[in-house]
Amino acid sequence: MEVVASAPGKVLIAGGYLVLERPNAGLVLSTTARFYAVVRPLRDSLPADAWAWAWTDVKVTSPQLSREATYKLSLTKSALQLTSARESTNPFVEQAIQFSVAAAKATIIDKERKDVVDKLLLQGLNITILGCNDFYSYRKQIEARGLPLTPEALLSLPPFSSITFNSEVANGTMTGEKCKPEVAKTGLGSSAAMTTSVVAALLHYLGVVSLSCPGQSSGDNTTRRELDLVHSIAQSAHCIAQGKIGSGFDVSAAVYGSQRYVRFSPEILSSQATGGTFLPDVVSDIVTQRWDHENKQFSLPPLMTLLLGEPGTGGSSTPSMVGSVKRWQKSDPEKCKDTWSKLAFANSALENQLRILKGLSENHREAYESWTEVATNQHQELIIKSLLAARDACLEIRLHMREMGIAAGVPIEPDSQTRLLDATMNMEGVLLAGVPGAGGFDAVFSVTLGDASNAVANAWSSAGVLPLLVREDCRGVSLEDADPRTREVSAAVSSIQIN
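Definitions and limits used
Residues numbered from 1 in each chain as written. Predicted model: local features only at pLDDT ≥ 70, side-chain atom pairs only at ≥ 80, totals over all residues. Heavy atoms only, no water. UniProt positions renumbered as here; feature names shortened; annotations may be inferred. Helix = DSSP H or I, 4+ residues; strand = E, 2+ residues; numbered from the N terminus. Buried < 20%, exposed > 50% of the residue type's maximum accessible area, 1.4 Å probe, protein only. Contact = heavy atoms within 4.5 Å. Core = buried A, V, L, I, M, F, W, Y, C linked by side-chain atoms within 4.5 Å. Domains from an automatic or database assignment. Phe/Tyr/Trp six-rings, centres within 6.5 Å; stacked < 30°, edge-to-face > 60°. Lys NZ or Arg CZ within 6 Å of the ring centre and 35° of its normal. Pairing = 2+ DSSP bridges.

Where an unreviewed UniProt entry is consulted, the chain appears under the name phosphomevalonate kinase, with the organism given as Zea mays. As its UniProt record puts it under Sequence similarities (unreviewed entry), the chain is described as follows: "Belongs to the GHMP kinase family. Mevalonate kinase subfamily."

Written out as structure tokens, the structure is:
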């Protein structure tokens, strides 16, 4: 038996920083970039004495990193014990495995189903993790090959390409000495997508949930309760792995897809964060708690395209930027409250206008599709009015994000990004442009109308910005019908013409 599950990366287009605190909302789009987890048994058959084993084997492989980690898994405590080199490990995958196995133990009470879970675990777990190229920066490789900074150059890379590490030769590290690798990423929430894909694959493999494949003829059979279970386990594992209780919008997007998100109360995981001694008990408490996060369905209206660009002007540390903003919040609470109030109002205005446009696209499709023409009826006028209002809201968001960055002493929208975004918004067919999430130098986004995305991509390339292949895909976690590498090979073979 083999199970493959996938979960998407995200782009937070509104709600940066505010989403850290309830009841502020964030608008987060899930993307075509997906992480995949493949789960299969390590051994096909079991010896007669296997039922007396207290431990089983787990192997985790990451082909893109040329990494393999092996473990022993306690069948009573759901705890992993590493049996390979420490540098080959991934804390997010480790926590995802432990929490998922503990969830199976805590939620399955039927004896027959428990026996099935025990047999699957005794056979061992062989887990492979794969991330779409979109999660990682291949800018240096493209430049080294003398290729232009275009989407076509990214398309020339093989799927699930090997990831290049940067070597450190500073801080006393000798030249040639092996040091901890550093992976350049594009800020799409790779750890959240990876954690969610592993949790989903294991919960499905062990019979805790029943996920559905996209496009199934019977429809989407995954229930809300099952998605909520995947969410609570993935969110918990992710928080423990990163050592803090974040807002969780990235995990929520990986599970539920594009949405308007309001975070869960941190108290839900506070007891867990202090360290529960017996994981099955901790997980049992987590799955029975009432999670108070809100995720209301939201996505871009039709004929709008999300475009992401990688400026290549240096990375930003989200935790340190958040820390600086929080210090400013404490030192000048009145100014912070005023800025956040204005930001919340602008964020809400953007959401409202995009929802209005989506409604108009559904009820007055013909008028909606002719937005480039002179308005000749009230519906077209409403569409143009909403487009302009959405644009104004975006400009307002950018203004207050810049003000917050200046006050907190962090480059939320650096001058280089401001110049790029201003030039982008002045282009024909561009509705929105900004820095996603916490901002900084990592990435920029735009939302274009009709086919304007090609012109924006060309302009970005000319300005030294690499346009990424990522687009919005509003679906969340999903079961896949095969290992994605097999699908890529099949597609390549089918494209070969035999004369």
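Resuming the write-up.
J.: Help me understand the overall build of the chain in this model?
T.: Scanning the chain for helices and strands turns up 16 helices and 13 strands. Among the 499 residues that make up the chain, the fraction classed as buried is 53%. Here the contacts in the chain between residues at least 6 apart in sequence split such that 73% fall between residues at least 24 apart.

J.: I tried to follow the nonpolar core on my own but got confused; where do I start?
T.: A general trend in soluble globular proteins is that nonpolar side chains are found buried together. Counting residues in hydrophobic clusters, the biggest one holds 149 residues, and the most contacted among them are Tyr17, Ile97 and Met304. With 10 residues, helix α5 (residues 190–205) is the largest single contributor of residues to this core. Counting residues domain by domain, this core receives three or more from each of domain 1 (3–136 + 185–299 + 475–495) and domain 2 (304–468).

J.: Explain the packing of aromatic side chains to me, please; I cannot follow it from the model alone.
T.: Aromatic rings considered in pairs are described by the distance between their centres and by the relative angle of their planes. Applying the stated criterion across every chain, the model contains 3 aromatic pairs. Across the ring face of Phe264, the terminal group of Arg263 is positioned such that the distance to the ring centre comes to 5.0 Å.

J.: Whenever I open this one, the pairing of strand β6 (residues 125–131) confuses me. Can you help?
T.: Regular strands place side chains that alternate from one sheet face to the opposite one. The element β6 is extensively covered by neighbouring structure, given that 7 of its 7 residues are classed as buried. Residues Leu125, Ile127, Ile129 and Gly131 point to one face of β6 and Asn126, Thr128 and Leu130 to the other, with burial holding for every one of them. Where strand β2 (residues 25–41) and β6 come together, 7 bridges link them in antiparallel fashion. In the sheet register, Phe35 faces β6, and the bridge partner there is Gly131. Judged from the 4 bridges that link them, strand β3 (residues 55–62) and β6 form a sheet pairing that is parallel. Counted as the bridge partner of Lys59 is Asn126 from β6.

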